[in-house]
Amino acid sequence: MTFSRRTFLQTSAALTATLSAPTILRAQDDVIRIGGLHDLSGAIDSSGIPMNQAMQYAVAQINEAGGLLGRQVEAVTYDPQSNMSLYSQYATQLALRDKVTAVFGGITSASRETIRPIFHRYQTPYFYSCLYEGGVCDRNEITLGTTPAQTVAQLIPNAMNLWGKKVYTVAADYNYGHITAAWIKRYVEENGGELIETEFFPLDTTQFGSTISKIQAAKPDMVMSVLVGTAHLGFYRQWVASGMKGEIPIASTSFGGNGTENVMLTPEEGNGILTAFGYYETVENEKNAEFREGIKAFYPDNPPVLGETSEVTYEAVMIWADAVKEAGSTDRDAILEVIETGKSYLLPAGNVAIDPLTHHAVRDVYIAELRDQKMDIQQKFEAVQPTDTQMVCNLQETPDANVHHEISL
Amino acid sequence: METSLRTDPGFWFMTALGLVLLFLGPLFWDLFQIMQITQYVVLSVYVLSLAYIWGFGGILSFGQAAFFGLGAYTFSVAAINMGETTFPFVLAFAIPAIFGAALGYFMFYGKLSDVYMGVVTMVVTLIFWKLINHTAGPEYAIGDARLGGFNGIPSVPVLNVPGDAQAWLDPGQMFQVFMAILTLLYVLLRILIASDFGRISMGIRENETRAALLGYDVRRHKVIMFALGAGIAGMAGGMWATYQTFIDPNVFSLEMSAKALIWTMAGGVGTLAGPIVAVVLLQYLSLKLGEMHILNNNFILGGIMMVLVLLVPKGGLPTLRDGIAALRVRGSVRRSGTPGKVAPDV
Amino acid sequence: MDYTIIVFLEILRAISWLVILAAGLAIIFGMMKVINFAHGEFLMLGGYITIMSHNAGVPLWISMGVLAPLVVGVFGIIVERLVIRHLYGRIIDSLLATWGLSLLMIGGVTMVFGNTVQGVSTPLGSLSIGAYQVPGYNLLLIGIAVAMMMAIWLVLRFTSAGLIARATMQNPDMAETLGVRTSWVYMATFGLGSAVTGLAGGLLAPLTGVAPSMGVNFVAQSFITVITGGASMIAGTLSAGTLLGTISQGVTFATGPVYGDAALLLAALILLRLLPQGITGRIFRKSL
């Protein structure tokens, strides 16, 4: 094999040009920059795009009201394309190059665990807004989404009262599914019920015929679903096709969390599914009416579907902005101290406060039934504590903690 | 050293470039650039594993990700259990190499045809991917290391100085170690390719039957090459794990296998430098695309791939080289065979 | 007893499902030795066409059985003319190009249709077998798989188009010499294969969630069925579908879906070791 010298000079010129591309520093000190990392393409863009829209909307609202500390807020957003190595690169870039004052983002637990240690290392406050399995213990992260102890604890007794005591669980085969399934088992047994069986499905499973037959044989009073993603929508569809609708009811703490699944099933398929989350588009209060109308008007062409993940992203920016205002600075420690006072915020989802011990949200939880693609709210529980994470985390005793505990029951 | 290698300016240039970057790079780059370039270095090691067996042995593997992932998981599990990283790093080479040898034995002694071989390697990767995704429960642990299923293994240890488990390398030092590995690997592979072993490999690539008739043990030869490629891919996986400090089942994904193929194709089959350049350019592109919000990124990447295959079928470096050769020769009859040529049945 | 019938039906359904999924790919591979890596996205396109047209008011059976195959078939012909045509005889290149195509289609469909669309319910209701209920749609799938294989066999065996196709498959140069425009044959084959895939996508729509990235869930299964089956379209697809469908669904019933999938892959691997040219490389060699 031979190479001519010229070939190589050209190749290497291209190479070095790439490597040493000059850093473009956007050193404008008249704006406050925050970072956004949501998947805008790839398999979970249906969650990421509305979250990003909610964040941009929050920034626009803040700026319209005059900005913060007399400065405008600018969002630097990247699309990690559902790719973990891009997540870690952009996180490093946001912290070191863009020098943002706070970061909002991460959807799956895998992506959060990729970027959380990075922001911890570089001391950039990080807000995580997705429901997840609980257990993060890190003073640098503010976790606003619901955890299983918040939703499962309300949903299980409620559903068991309605339908009966024999429960069959179908869950996604990953961390969130396993931990939520363990909580389901615990609450079913605490409430005097019986858990017949728990089955796990890889995230790409589309055919549920054999499981549906097994459920028919087991004859439970209700099915608890912790299924996740579009492939798993096949379960609900095939369930109806097997004539099981109306025979055995379904409850879920994962269905419709980002507000998309309820729109993807037809009303005949979805009606009657009982869910529990920290926010629904249908929550009735003044703040939510304002938020709902406002964001739809802000995106007239492509209004985002609203669900817990997108509303909580909006919350996160608002809580951060409140802390900046009160602290009079964008400094990390000053912001965290304000948030750690445990003050309560009135937001579209209701009242939200941050538990100083875990940095998780203490929030209102709703139970709703799906009716014609809308979540019809049945019940509201106020100020529900993240008791799962509280079992393993105490940031006042260990302020330097930097772990994701696996909560075992 | 063979004369052909000693007089090849490209070889000396690449080696020198590697050494210059190795020593001077960390002086000029900021932390972010170092992290970025370290990634290109790791993926370059990975792409060399395929560029070598495909370009210089005619073995097409759709399953380099199986070895990459195996190396990554081997390293992570071993490092978490042992508390140091030197021996795990050796394991990240050895275990995939042994597995590659076994799989190679199964395929080459079974006389699988090329297309089917591609599929077998792909299926093996898929099996790994399925099974590792299934390890979310607490019962799946090897020693202290939980496999973690879909979420993967967080906090994989950073490389430490051999013998001293507390002396972690900082990003600049890690870059230097990895760059040294890449440069050394390049030099060793070029020496291997220029050696008798390498000539036989190319003889087999061009015509397997002829090589066998000349008395070479084609099957054994292919198994050795394949195992070597597997080991290199595994080592890259180990580097990837410690570079990212976490690992998830995506290391076993079809996409990871495909990327190795795309980079090799784009850079030119039958070269080592071309695929490395392709890694840098295409990874940089996908990073830049994520910063801009023009069109859907899948749309752009897919489009680029199709255009590359249609317009630059031989790959970047050979096309460039041919173009320059054509300019220089200007219609004279001298035509050399394309080194990038792949046996028509591949 | 009822349970045995259910298990048997489910296995039959799994086999039919593999056959329907793989048929389009098998036609293209058997005829042209081109592996269409965008197969999953062709399925996805079929699914999208079905639900988009159904939501726009077209009756389900027409959008599923006519529109989906038609549109995807035409799309396939365009792809063949623009891309595949240039890559005959270059398996790897065509693989990479269709891989690029699959990314392009995922991105394109996301931009055009968005990633959250309402799906369609499974038609046909359910029927009771003892204490169990199964979707009537499953029986339709089994019927369609049989009809599909019959139709391909009849066309290949008894029509002049089938004769030309078989001739081109056996010896393209000879066919060309005898006046067959092989490039047209290839174009038609690719179009037909795409149309069959479009139909499969349409049939899939009422079974699962439809999203731009759904293709990846199906590509491995269809791929492996075709390769394990070997070069003949009908015998290969049928035998591989039967074998793999039975194994994976049997294991799924006994343990769970993960081991079902793994068993399918493992079976394919062992089969390829024993029969390196696929099942029809050794058995049913002369069949279509």
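Per chain, the residues get numbers from 1 upward, laid out in the order the sequence is written. Going through the entries in the order they are written, you letter the chains from A and number the ligands from 1. Totals for whole chains, interfaces and linings use every residue, but because this is a predicted model, local features are given only for residues with pLDDT of at least 70 and side-chain atom pairs only at 80 or more, for both listing and counting.

### Some words on the overall build of chain B
Here comes step 1: Per the convention used, a helix needs a DSSP run of H or I reaching at least four residues, while a strand needs a run of E reaching at least two, with both numbered from the N terminus. In terms of helices and strands, chain B carries 14 helices and 2 strands.
Here comes step 2: As a reference, a globule follows 2.2 Å times the number of residues to the power 0.38, and the radius of gyration itself is taken over C-alpha atoms. A compact globule built from 346 residues should have a C-alpha radius of gyration of about 20 Å, and chain B, at 20 Å, falls within 12% of that.
Here comes step 3: With C-beta atoms placed from the backbone, a residue is buried if 20 or more other C-beta atoms are within 10 Å of its own, exposed if 12 or fewer are, and partly exposed between those counts. Burial statistics for chain B: of 346 residues in total, 56% are counted as buried.

### Points about the overall build of chain C
Here comes step 1: Secondary structure summary: chain C contains 12 helices and 2 strands in total.
Here comes step 2: Relative to the 2.2 N^0.38 estimate, which gives 19 Å for 288 residues, the radius of gyration of chain C is 19 Å and therefore close to what a compact globule would have.
Here comes step 3: Projected onto the principal axes, the alpha-carbon positions of chain C cover approximately 65 × 45 × 35 Å.
Here comes step 4: Put simply, chain C has 288 residues, and 58% of those count as buried.
Here comes step 5: Any two residues are considered in contact once their C-beta atoms, placed from the backbone, lie within 7 Å. For chain C, the share of sequence-separated contacts (at least 6 apart) that also reach a separation of at least 24 residues comes to 76%.

### Notes on the interface of chain A and chain C
Here comes step 1: The partner chain C presents 37 residues to the 36 residues of chain A that form the contact.
Here comes step 2: Secondary structure elements with two or more residues in the side of chain A that touches chain C: helix H2 (45-64), strand E8 (194-201), helix H7 (209-218), helix H8 (233-241), helix H9 (261-264) and helix H10 (267-270) of chain A.
Here comes step 3: Tallying contributions element by element places H8(A) first for the side of chain A that touches chain C, with 6 residues.
Here comes step 4: Here the residues of the side of chain A that touches chain C sort into 14 nonpolar, 15 polar and 7 charged. The nonpolar class holds Ala, Val, Leu, Ile, Met, Phe, Trp, Tyr, Cys and Pro. Asp, Glu, Lys and Arg form the charged class, and all remaining residues, Gly among them, are polar.

### So, the pairing of strand E1 (residues 31-37) of chain A
Residue and element names in this part refer to chain A.
Here comes step 1: Counting buried positions along E1 yields 5 of 7 residues, so the element is predominantly enclosed.
Here comes step 2: Examined bridge by bridge, E1 and strand E2 (residues 72-78) share 7 bridges and lie parallel to one another. When the bridges of E2 are listed, Val31 appears paired with Gln72.
Here comes step 3: If you view a crossover with the strands going away from you and the path from the first strand over the helix to the second runs clockwise, you call it right-handed. In this region the chain leaves E1, passes through H2 and returns to the parallel neighbour E2; the handedness of that crossover is right-handed.
Here comes step 4: Across 3 bridges, the pairing between E1 and strand E3 (residues 103-105) is parallel. When the sheet's bridge partners are listed, Gly36 is paired in E3 with Phe104. Strands are treated as partners if at least two bridges between them are detected by DSSP.

### Here's the deal with the pairing of strand E9 (residues 222-226) of chain A
Walk down a regular strand and you will see the side chains alternate between the two sheet faces.
Residues and elements named next belong to chain A.
Here comes step 1: In terms of burial, E9 is a largely internal element, 5 of the 5 residues being buried.
Here comes step 2: Taking every second residue as pointing to the same face, both faces of E9 are buried, with Met222, Met224 and Val226 on one and Val223 and Ser225 on the other.
Here comes step 3: Examined bridge by bridge, strand E7 (residues 166-172) and E9 share 5 bridges and lie parallel to one another. Considered in E9, the bridge of Ala171 is made with Val226.
Here comes step 4: Of the strand pairs in this sheet, E9 and strand E10 (residues 250-252) are connected by 3 bridges, and their pairing is parallel. Its bridge partner lying in E10, Ser225 is registered against Ser252.

### Here we look at helix H10 (residues 233-254) of chain C
Here comes step 1: To estimate how far a helix should reach, multiply one less than its number of residues by 1.5 Å. With 22 residues, H10(C) should cover 32 Å at 1.5 Å per step; its first-to-last C-alpha distance of 31 Å lies within 8% of that length.
Here comes step 2: Across the 22 residues that make up H10(C), a large majority, 16, are buried.

### Here's the deal with the confidence of the model for chain B
Residue and element names in this part refer to chain B.
Here comes step 1: In predicted models, pLDDT denotes the confidence assigned by the predictor to each residue on a 0 to 100 scale. With 92% of its residues at a pLDDT of at least 70, chain B reaches an overall mean of 83.
Here comes step 2: Mean pLDDT across the elements of chain B ranges from a minimum in helix H1 (residues 3-6), with 72, to a maximum in helix H10 (residues 218-244), with 93.
Here comes step 3: Scored below 50 in pLDDT, residues 332-346 makes 24 contacts in the model with residues more than four places away or belonging to other chains.

### Observations concerning unusual backbone geometry
Residues and elements named next belong to chain A.
Here comes step 1: For Leu69, which is not a glycine, the phi torsion comes out positive at approximately 50 degrees.
Here comes step 2: Within the secondary structure layout, Leu69 lies in the loop between H2 and E2.
Here comes step 3: Positioned with a positive phi, Asp372 is a non-glycine residue whose angle comes to about 50 degrees.

### Re helix H3 (residues 31-57) of chain B
All names here are of chain B.
Here comes step 1: Spanning 27 residues, H3 covers 39 Å between terminal C-alpha atoms, matching the ideal 39 Å at 1.5 Å per step.
Here comes step 2: Given a residue, its bend is the angle between the two axes fitted to the seven residues that end at it and to the seven that start from it. Along H3, the helix axis deviates most sharply at Ala51, where the bend reaches about 25 degrees.
Here comes step 3: With 24 of its 27 residues buried, H3 lies for the most part within the structure.
Here comes step 4: Where H3 ends, the next residue or the one after it, Gly58, has phi of about 65 degrees, a positive value.

### Remarks on the packing of helix H2 (residues 39-55) of chain C against helix H4 (residues 91-113) of chain C
Residue and element names in this part refer to chain C.
Here comes step 1: Between H2 and H4, the shortest axis-to-axis distance is 9 Å and the interhelical angle comes to 20 degrees. By the angle between their axes, H2 is roughly parallel relative to H4. In terms of crossing hand, the pair formed by H2 and H4 is left-handed. Note on element contacts: H4 touches H2 through Ser102, Met105, Ile106, Val109 and Phe113, opposite Gly40, Glu41, Met44, Leu45, Tyr48 and Met52.
Here comes step 2: Of the residues that constitute the contact of H2 with H4, the class distribution is 8 nonpolar, 2 polar and 1 charged. Convention adopted: a line fitted to C-alpha atoms gives each axis, helices being fitted over their contacting stretch, and angles between N-to-C directions are expressed from 0 to 180 degrees. These descriptions rest on fixed angle ranges, namely under 35 degrees for roughly parallel, over 145 for roughly antiparallel, 65 to 115 for roughly perpendicular, and the rest for oblique. Crossings are classed by handedness, with left-handed meaning an anticlockwise turn of the near helix from the far one by less than a right angle and right-handed meaning a clockwise turn.

### Here's the deal with the packing of helix H1 (residues 2-32) of chain C against helix H5 (residues 136-158) of chain C
The description of two helices packed together rests on the angle between their axes and the distance between the axes.
Residues and elements named next belong to chain C.
Here comes step 1: Put simply, H1 and H5 touch, their axes get as near as 8 Å, and they point 45 degrees apart. Compared by their axis directions, H1 and H5 come out oblique. Relative to H5, H1 is oriented so that their crossing is left-handed. Contacts between H1 and H5 involve Leu9, Leu12, Arg13, Ser16, Trp17, Val19, Ile20 and Ala23 from the first element and Asn138, Leu141, Ile142, Ile144, Ala145, Met148 and Met149 from the second.
Here comes step 2: Within the contact of H1 with H5, the residues separate by chemical class into 12 nonpolar, 2 polar and 1 charged.

### Looking at the environment of A:Ala297
Residue and element names in this part refer to chain A.
Here comes step 1: Assignment of secondary structure puts Ala297 in helix H11 (residues 286-298).
Here comes step 2: Residue class for Ala297 comes out exposed when judged on the 10 C-beta atoms lying within 10 Å of it.
Here comes step 3: Residues Ala297 and Asp39, 258 residues apart in the sequence, show an inter-C-alpha distance of 23 Å.

### Concerning the sheet that holds strand E4 (residues 126-128) of chain A
Hydrogen bonds between backbone groups are what pair the strands of a sheet, and the pairing can be parallel or antiparallel.
Residue and element names in this part refer to chain A.
Here comes step 1: If you trace the 5 strands from one edge of the open sheet to the other, you get E2-E1-E3-E4-E6, paired in parallel fashion. On the outer flanks of this sheet lie E2 and strand E6 (141-143), each paired with one strand and no other. Taking each pair of neighbouring strands and ignoring which way they run, the sheet shows an average axis angle of 25 degrees.
Here comes step 2: Bridge analysis of E4 against E6 gives 3 bridges, and the strand direction is parallel. Bridging from a neighbouring strand, Tyr126 pairs with Glu141 of E6.
Here comes step 3: Lying over the sheet, helix H3 (residues 84-97) contacts E1, E2 and E3, oriented at roughly 170 degrees with respect to E1.

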